[in-house]
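# Chains, contacts and geometry: an overview
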Amino acid sequence: MNAATPEAAGVDPAVLRAQLIDLWSSNQLEKMYLVANQGFSEVAEPLEALLLILEGCPRNKRGKGQTLGHCVLMKFHRWMQDHPQVTLGSLVEKQAVALQIRALNLLPDAPPTFIDTLLDIYQVQSLDVTIVHQHIARLQALNCYSEAAQLGMKMNLQNELDMDKMCIPLILLDRLPLVETFVTGHHQLERRLVTLLDSWCHPRFTVETICRLFPDLSLTKFLIDKIKPKILTKHVYRLMEKFNIDPALCPISVQRRKMGTLHFLMTKRFVEKSMTEENWNDHVQFIVADDPDMQAHLVEMLAKYCDPKYTAQWSLRYSVPIDRVPFVVRKHLLSPDLQHLSLSHSAQNEEWILPRSVCETFYQLPLTRDKVLFLNTLEGLQKCQETLLKEGGVVGVDMEWRGGFGSVVPQRVALIQLAVSDRVFLLDLCAEGFWQHQETVGFIRTLFSEGKVLKLGYGIAGDMKCLLATWPQFLQEPLKTEAVLDLASIHQKMQNSGFSKAGKDPTEKGLSLLVQLVLGKPLDKTEQLSFWERRPLRTSQIRYAAVDAFCLLDVYSALSRNPVNYGLPANSIPMRGSVSS
């Protein structure tokens, strides 16, 4: 290559490197950058000189964890942009390949921050694939698995490499994000990664078995503890969602999640006694469904929490094989007076008006049953729009979804509650043909973007995440929000200012606590863990859903009477923004 300038008469790269090291050691960074910039222009072969400098740079770091090599490389990369004639293409092929190989030889000691830049400068994509494969194998032999993966991705060789040899060590070293990047866009590899992690959730799996395949890999107890079924199951569920993997391919994680949910429900129902029998029945039937193994597990768990006769009823309901029924329960199966469980819906049998004791204890919805409208048709939606989109209106907004019980991804919304002063609309997002209709989606866009209608919520960020999970089109075209006020932020201001909690129930929290602080009574959260995808909804579920939206109006009305005292902006300026992630 010709010199970059006429004065390039062979400035020794070794001398330049020595100068840079001296300046780096004495912390004269600005001068070092000037010397480097000038030196790049005066050496005979800049690309070869850069390699010689990098090969002899010390590894000590300065500033934000940067090495001299990193600083020199980044400076050279910027210098190249002003000297476009300095390219690998101006060299003869043999010389260019030699420089590319030397660049690859730097990878074992290269900081992760400059590998991509190094590979770009030396255009490794043009190298013979056989040579690249050899270097990837060399990096793996040196336990440089991250560098090997980055080189493989740079060359787009993911489908040609042994995924297990490439990715298992990285997973063990807690580099799962790099592994995800490695497989993304390659469906077979995505599926292989998720099924691999699922297999590690098996009760008989041991990390030691995998480690024997990589004897030179050094793992600390901290890293080994990351390879636990509980953690891995969360990764499996997250990646199933990310890569759109069929849950049927991950049976171990799916069963672990179901078993964990059953344990949770047992605690809620029989230990804490904080879940109604109806809600418990709904969730349990959904979880075990038609899976004989889960049905048997349910009976085994019930035997530990309930009396044998009640357990026998569930065993009878699902026709659990006698060898899977706990011994203490079996004799009750032979009892002539054993009755089948009655799990019929009681939606039509509940009264709308609650007993006086309940009304005196909890905040009550000041509306009759006919003012709570359950909508699952476009005709009903049209009437809803006419009421809610009036200029100057205030709308209480809440949403319900089936409990994720440990899920790491947002759940799809099952019900949207929209309250105004004289009625509450319940939008049924489980109704096929309604929730995905463009008019329904369009209405949600219009409502949240309408600047002349104030929307009240509590913890709106969580609601929005579930909206995005319900309608992915809100990711493609972000859902804009105007005139939205999150009362959770007002609640936080009240707490920070020492707003009195004297005489309040210390167990209350969230919206229920705010309602108690402002209106005097908390919310009845009995239906909080409802199975919101069941249809028809029980009267108690409908009442609960309507209350959660309507109480926002009453709270806002009370706060507005004394905005300064409650931390509400005097002009009630709503939050503005857009929701896209």
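Residues numbered from 1 in each chain as written. Predicted model: local features only at pLDDT ≥ 70, side-chain atom pairs only at ≥ 80, totals over all residues. Heavy atoms only, no water.

Attention now moves to the environment of Val-394. Considering the arrangement of structural elements, one finds Val-394 in strand S4 (residues 394–401). The spatial distance from the C-alpha of Val-394 to the C-alpha of Leu-552 is 9.9 Å, given a sequence separation of 158 residues. Setting aside chain neighbours within four positions, we find Val-394 in contact with Ala-419, Val-420, Leu-454, Leu-456, Leu-553 and Tyr-556. (Helix = DSSP H or I, 4+ residues; strand = E, 2+ residues; numbered from the N terminus. Contact = heavy atoms within 4.5 Å.)

Another aspect to go through is the packing of helix H17 (residues 292–305) against helix H18 (residues 308–318). In the contact formed by H17 and H18, the axes pass within 9 Å of each other and the chain directions differ by 175°. Here H18 runs roughly antiparallel to H17, going by the angle between their axes. From H17, Gln-295, Leu-298, Val-299, Leu-302 and Ala-303 reach across to H18, where they touch Tyr-310, Thr-311, Trp-314, Ser-315 and Tyr-318. (Axes fitted to C-alpha atoms, helices over the stretch in contact; angles between N-to-C directions. Parallel < 35°, antiparallel > 145°, perpendicular 65-115°, else oblique.)

Here we take up the packing of aromatic side chains. Counting across every chain of the model gives 13 aromatic pairs. Judged by centre distance (5.3 Å) and plane angle (75°), the rings of Phe-270 and Trp-280 are edge-to-face. Highlighted residues: Phe-270 in helix H15 (residues 251–271) and Trp-280 in helix H16 (residues 277–288), separated in sequence by 10 residues. Across the pair, exposure class does not vary: Phe-270 and Trp-280 are buried alike. Ring-pair connections join several aromatic residues into one group, and the members of that group are Phe-270, Trp-280, Tyr-305, Tyr-310, Trp-314 and Tyr-318. Directly above the ring of Tyr-318 sits Arg-317, whose terminal nitrogen or CZ lies 5.4 Å from the centroid. Directly above the aromatic system of Trp-435 lies the positively charged group of Arg-412, at a separation of 4.3 Å from the ring centroid. (Phe/Tyr/Trp six-rings, centres within 6.5 Å; stacked < 30°, edge-to-face > 60°. Buried < 20%, exposed > 50% of the residue type's maximum accessible area, 1.4 Å probe, protein only. Lys NZ or Arg CZ within 6 Å of the ring centre and 35° of its normal.)

Further remarks concern the pattern of salt bridges. Two side chains of opposite charge can pair, provided their charged atoms sit close to one another. Taken as a whole and judged by the stated rule, the model has 19 salt bridges. A cluster of three or more residues bridged by salt bridges with shared partners is formed by Asp-282, Glu-527, Arg-534 and Arg-538. (Salt bridge = Lys/Arg side-chain N within 4 Å of Asp/Glu carboxyl O.)

On to helix H4 (residues 68–82). Helical periodicity: at 3.6 residues per turn, an α-helix aligns residues three or four positions apart in one direction. The end-to-end C-alpha distance of H4, which contains 15 residues, comes to 22 Å, matching closely the 21 Å that a straight helix rising 1.5 Å per residue would cover. The buried count for H4 comes to 11 of 15 residues, which makes it a mostly enclosed element. Leu-68, Gly-69, His-70, Cys-71, Val-72, Leu-73, Met-74, Lys-75, Phe-76, Trp-79 and Met-80 are the residues of H4 that are buried. (Expected span 1.5 Å × (residues − 1).)

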